[in-house]
Amino acid sequence: MLGAACSGGADGLPAALAAYDEQRRPRTQAIARASLRAGRYGQQLRNPVALAVRAAALRLTPPRALLRSMTWSADWRPPQG
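Residues numbered from 1 in each chain as written. Predicted model: local features only at pLDDT ≥ 70, side-chain atom pairs only at ≥ 80, totals over all residues. Heavy atoms only, no water.

1. Considering the layout of surface pockets
Put simply, the rule is: Points on a 1 Å grid, built from protein atoms alone, make a cavity when a 1.4 Å probe fits but cannot get out and make a pocket when they are open with protein on both sides within 12 Å along at least 5 of 7 lines; residues with an atom within 4 Å of a point are the lining residues. Grid points are joined across faces, edges and corners, and a volume is the space filled by probe spheres set on the points. In this classification, the charged set is Asp, Glu, Lys and Arg, the nonpolar set is Ala, Val, Leu, Ile, Met, Phe, Trp, Tyr, Cys and Pro, and all remaining amino acids, among them Gly, are polar.
Considered as a void within the structure, the largest pocket measures approximately 440 Å³ in volume. Forming the boundary of the largest pocket are 14 residues, of which Ala34, Arg37, Ala38, Ser69 and Met70 lie nearest the centre. Across the lining of the largest pocket, the residue classes tally to nine nonpolar, three polar and two charged.

2. Re the pattern of salt bridges
Basically, it comes down to this: By salt bridge we mean one thing: a side-chain nitrogen of Lys or Arg within 4 Å of a carboxyl oxygen of Asp or Glu. In this text, helices come from DSSP runs of H or I with a minimum length of four residues, and strands from runs of E with a minimum of two, each type numbered from the N-terminal end. Each residue is assigned to one of three classes by its accessible area relative to the maximum for its type, calculated with a 1.4 Å probe on protein chains only: buried under 20%, partly exposed between the two thresholds, exposed over 50%.
Tallied over the full model, the rule gives one salt bridge. One salt bridge connects Arg25 with Asp21, and the closest N-O pair in it is separated by 2.8 Å. With Arg25 and Asp21 both in helix H2 (residues 13-41), this residue pair falls four residues apart, about one helical turn. Note on Asp21: relative accessible area 33%, which makes it partly exposed.

3. Concerning H2
Worth spelling out the cut-off: The span expected for a helix works out to 1.5 Å for each residue beyond the first. A residue's bend is the angle separating two fitted axes: one through the seven residues that end there, the other through the seven that start there.
Under the 1.5 Å per step criterion, the end-to-end length of H2 is 41 Å for 29 residues, consistent within 8% with the ideal 42 Å. Where H2 bends most, the angle comes to about 45°, and this point is Arg24, followed within four residues by the proline Pro26.

4. A word on the side chain of Arg27
For clarity, the threshold we go by: Charged residues are defined here as Lys and Arg on the positive side and Asp and Glu on the negative side; His and the ends of the chain fall outside this count. Here, residues are in contact when the closest pair of their heavy atoms is within 4.5 Å.
Position of Arg27 among the secondary structure elements: in helix H2. An unpaired buried charge is present at Arg27: no salt bridge exists, and Asp75, the closest side chain of opposite charge, is 9.0 Å distant. Not counting chain neighbours up to four residues away, the residues in contact with Arg27 comprise Ser73 and Trp76.

5. What about helix H4 (residues 63-74)?
Over its 12 residues, H4 extends 17 Å from the first C-alpha to the last, a length consistent with the 16 Å expected when each residue adds 1.5 Å. Summarising burial for H4: zero of the 12 residues are buried, a small minority.

As structure tokens, then:
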């Protein structure tokens with residue numbers, strides 16, 4: 001879709017960038033939110049009790065569920081068109 005919007009030359013660039021932003025913003029915002037959550041429950045934890053709870057939760061979580069929670073951002077396909 002971006003290529004079609006760019007076919008208007010330099011005059012079509014603002015429209016092409018707007019279309020690109022519209023397509024990408026929801027996904028990139030979701031990735032940013034997931035990153036913030038991961039930081040909150042990962043490296044930013046300092047309380048030993050919270051660290052122990054997080055470690056126990058990770059040990060008890062099935063590996064398949066952990067992989068599924070990570071692959072949604074990596075399993076992206078560009079829009080067709």
